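Understanding the architecture of this molecule
Listed below, chain by chain, are the residues.
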Amino acid sequence: MEESHGSAEQTASEYIQHHLSNLQVCRDQGAWVWNHCAGNFWTLNVDSIFFSVVLGVLFLYVFRQVAKQATAGKPTKLQAAVELIVGFVDGSVRDAFHGENKLIAPLALTIFVWVFLMNLMDLIPVDWLPITAAAVGVPYLKVVPTTDVNVTFAMSISVFILIIYYSIKIKGFGGFAKELTMHPVAPPTKGIGLIAAPFIIAFNFILEGVSLLARPVSLSLRLFGNMYAGELIFILIALLGLWQVPLHFGWAVFHILVVTLQAFIFMMLTIVYLGSAHDVGH
Amino acid sequence: MDFVIGMNLLAVAILIGLGALGVGIGMGILGGRFLEGAARQPELAPMLRTQMFLVVALLDAIAMIGVGIALFFAFANPFIA
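What you see is a predicted model, and the numbers here were worked out from it, not measured in a lab. (Residues numbered from 1 in each chain as written. Chains lettered and ligands numbered in written order. Predicted model: local features only at pLDDT ≥ 70, side-chain atom pairs only at ≥ 80, totals over all residues.)

1. Structural notes on helix H3 (residues 77–96) of chain A
Residues and elements named next belong to chain A. Note the following rule: Where helices and strands are cited, they refer to DSSP runs of H or I of at least four residues and of E of at least two residues respectively, numbered from the N terminus. A helix's residues, less one, multiplied by 1.5 Å, set its expected span. Three classes are used. A residue is buried when 20 or more other C-beta atoms lie within 10 Å of its own, exposed when 12 or fewer do, and partly exposed in between, with C-beta atoms placed from the backbone. Note that the arc is defined by the directions from the helix axis to the C-beta atoms. A residue pair is marked as a contact if its C-beta atoms, positioned from the backbone, fall within 7 Å.
Helix length check: H3, at 20 residues, gives a terminal C-alpha distance of 29 Å against a target of 28 Å (1.5 Å per residue), a fit within 8%. Turning to H3, its buried residues number three or more, namely Val 82, Val 89, Ser 92 and Val 93. Within H3, the buried residues cover an arc of 100 degrees as seen down the axis, which keeps them to one side. For H3, the exposed residues lying more than 90 degrees away from the buried face are Lys 77, Ala 80, Leu 84, Gly 87, Gly 91, Arg 94 and Asp 95. Lining the buried residues of H3 we find helix H2 (46–68), helix H4 (104–120) and helix H8 (244–277).

2. Quick word on the sheet that holds strand E3 (residues 24–28) of chain A
Strand pairing in a sheet takes place through backbone hydrogen bonds and is either antiparallel or parallel in direction. All names here are of chain A. Heads up, the condition is: Only strands joined by at least two bridges in the DSSP assignment are considered to pair. An axis is simply a line fitted to the C-alpha atoms; with a helix, the fit covers only the stretch in contact. Between two such axes, the angle follows the N-to-C directions and lies from 0 to 180 degrees.
Strand order in this open sheet of three strands is E4-E3-E5, and the pairing throughout is antiparallel. Edge strands, defined here as strands with exactly one partner in the open sheet, are strand E4 (31–34) and strand E5 (43–45). For this sheet, the mean angle separating the axes of adjacent strands, direction not counted, is 25 degrees. Where E3 meets E4, four bridges bridge the pair, whose relative direction is antiparallel. Within E4, the residue paired with Cys 26 across the bridge is Val 33. The strands touched by H2 are E3 and E5; relative to E5, the strand with the most contacts, the crossing angle is about 45 degrees.

3. Section: the pairing of E3(A)
Residues and elements named next belong to chain A. Of the pairings in the sheet, the one linking E3 to E5 comprises three bridges and is antiparallel in character. Paired with Cys 26 across the bridge in E5 is Thr 43. Connecting E3 to the antiparallel partner E4 that follows it, the hairpin turn spans two residues, and Gln 29 within it adopts a positive phi of roughly 55 degrees.

4. A short note on the nonpolar core
The cut-off we apply is this: The term nonpolar core refers to a set of buried Ala, Val, Leu, Ile, Met, Phe, Trp, Tyr and Cys residues connected through C-beta atoms within 7 Å.
One finds A:Ala108, A:Phe112, A:Val115, A:Phe266 and A:Met267 to be the most contacted residues of the largest nonpolar core, which totals 56 residues. Of all elements in the fold, only H3, H4, helix H6 (149–181), helix H7 (197–238) and H8 of chain A together with helix H1 (2–40) and helix H2 (45–75) of chain B reach the threshold of two or more residues within this core. Apart from the residues within four sequence positions on either side, A:Phe112 is in contact with A:Val89, A:Ala263, A:Phe264 and A:Met267.

5. With respect to the packing of H3(A) against H8(A)
Residues and elements named next belong to chain A. Note the following rule: Definitions for this section: a left-handed crossing has its near helix turned counterclockwise from the far helix by less than a right angle. A right-handed crossing has that turn clockwise. Any residue that is not Ala, Val, Leu, Ile, Met, Phe, Trp, Tyr, Cys, Pro, Asp, Glu, Lys or Arg is counted as polar, Gly included; the first ten are nonpolar and the last four charged.
With their axes 9 Å apart at the nearest point, H3 and H8 run at an angle of 35 degrees to one another. The two elements H3 and H8 meet at a crossing, and its hand is right-handed. Between H3 and H8, the contacting residues are Ser 92, Val 93 and Ala 96 on the first element and Met 267, Met 268, Ile 271, Val 272 and Gly 275 on the second. For the contact of H3 with H8, the class distribution of residues is six nonpolar, two polar and no charged.

6. Some remarks on the interface of chain A and chain B
At the interface, 16 residues of chain A touch twelve residues of chain B. When residues of the side of chain A that touches chain B are traced back to their parent elements, those giving at least two are helix H1 (12–19), H7 and H8 of chain A. Broken down by element, the residue count for the side of chain A that touches chain B peaks at nine residues, all from H7(A). Here the side of chain A that touches chain B is built from residues that sort into ten nonpolar, five polar and one charged.

7. Some thoughts on the confidence of the model for chain B
Do not read the predicted coordinates in detail wherever pLDDT is low. Quick note on the threshold: The predictor reports its confidence for every residue as pLDDT, a score running from 0 up to 100.
Summing up the model confidence of chain B, the mean pLDDT is 89 and the portion of residues at 70 or higher is 99%. The ipTM, which scores confidence in the relative placement of chains, is 0.70 for this predicted complex, and the corresponding pTM is 0.85.

8. Remarks on the packing of H4(A) against H8(A)
Residue and element names in this part refer to chain A. Put simply, the rule reads: Just so you know how the angles are binned, under 35 degrees is roughly parallel, over 145 roughly antiparallel, 65 to 115 roughly perpendicular, and the rest oblique.
Where H4 contacts H8, the axes come no closer than 8 Å and their chain directions differ by 155 degrees. The angle between H4 and H8 falls in the class roughly antiparallel. Judged by the sense of rotation from one axis to the other, the crossing of H4 with H8 is right-handed. Within the contact between the two elements, H4 uses Ile 104, Leu 107, Ala 108, Ile 111, Phe 112, Val 115, Phe 116, Asn 119 and Leu 120 and H8 uses Val 259, Thr 260, Gln 262, Ala 263, Phe 264, Phe 266, Met 267, Thr 270, Ile 271 and Leu 274. The residue makeup of the contact of H4 with H8, split by class, is 15 nonpolar, four polar and no charged.

Put into structure tokens, the structure is as follows:
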């Protein structure tokens, strides 16, 4: 579907660029400027922040209401659905996490449902929300927060901070450092081999360091890449005129799988990484 | 500038193509092993299926990171004015 802005028809390229642009605000020479933020570090993607916060509050409100009004006698359908989700997350945490921590299960539930809701925004037809936004004067709107690298990196960096915090808390600073420098090659501790020990420790540190850093990076880019590619294909299908209807339907059905799977994988990997942060016995 | 645009398109094609090639072969092998395992012990099939989806999503990650970067360069290349 091509829209006309003013007098000239939009080209396909402009349509795509328009739909891939966030609503941005930044400080430029002391004043708040909207949407002229290319290259400015201190830029806020207002649409991503707005939708992620709204969906988070929605999730918390609905789940809290169901929890407060939960009955064992005649549960409502919403209560049954929430119980299904909570039971599923509980089962996953029990399977994969073998430590003692009260934070893990609520964290897993939050990550799963929040990421799922944010991804679900991708199934709303591409032009609906941006057109209503343009009618009230908002020029750009990207409605899927997880197509914004900032959002996915924010979540994965938070998980990374938790991994390091719990590693140091459970294993101690010495234990954490040992794990980074003494695996996988054990350095020799006596005899002539002592000369090689610093090199082996450095080698171990590089290997383990890369492996540790790869976790938040891959966690966020996995989610970002899947969602960005999915959204871009929706935009490309929208350019096809009348043929878009069957193609949109087919791709949307496939995308439902991707949406759920990516939320599940984010949650599962968070549980596994935090589990290995609690793992003392080697 | 034409040269840069041409090389840009080539880079996008290689990124997406090689990612898809590797992941396609890997997932084919994974699916085959899953079917073999499920045929041996059908009662384990649901558990194996869950694990298979876990590995599928992990494999997808690398291909998708490549696709994400490639599509970024296809539509919003910062080196092209």
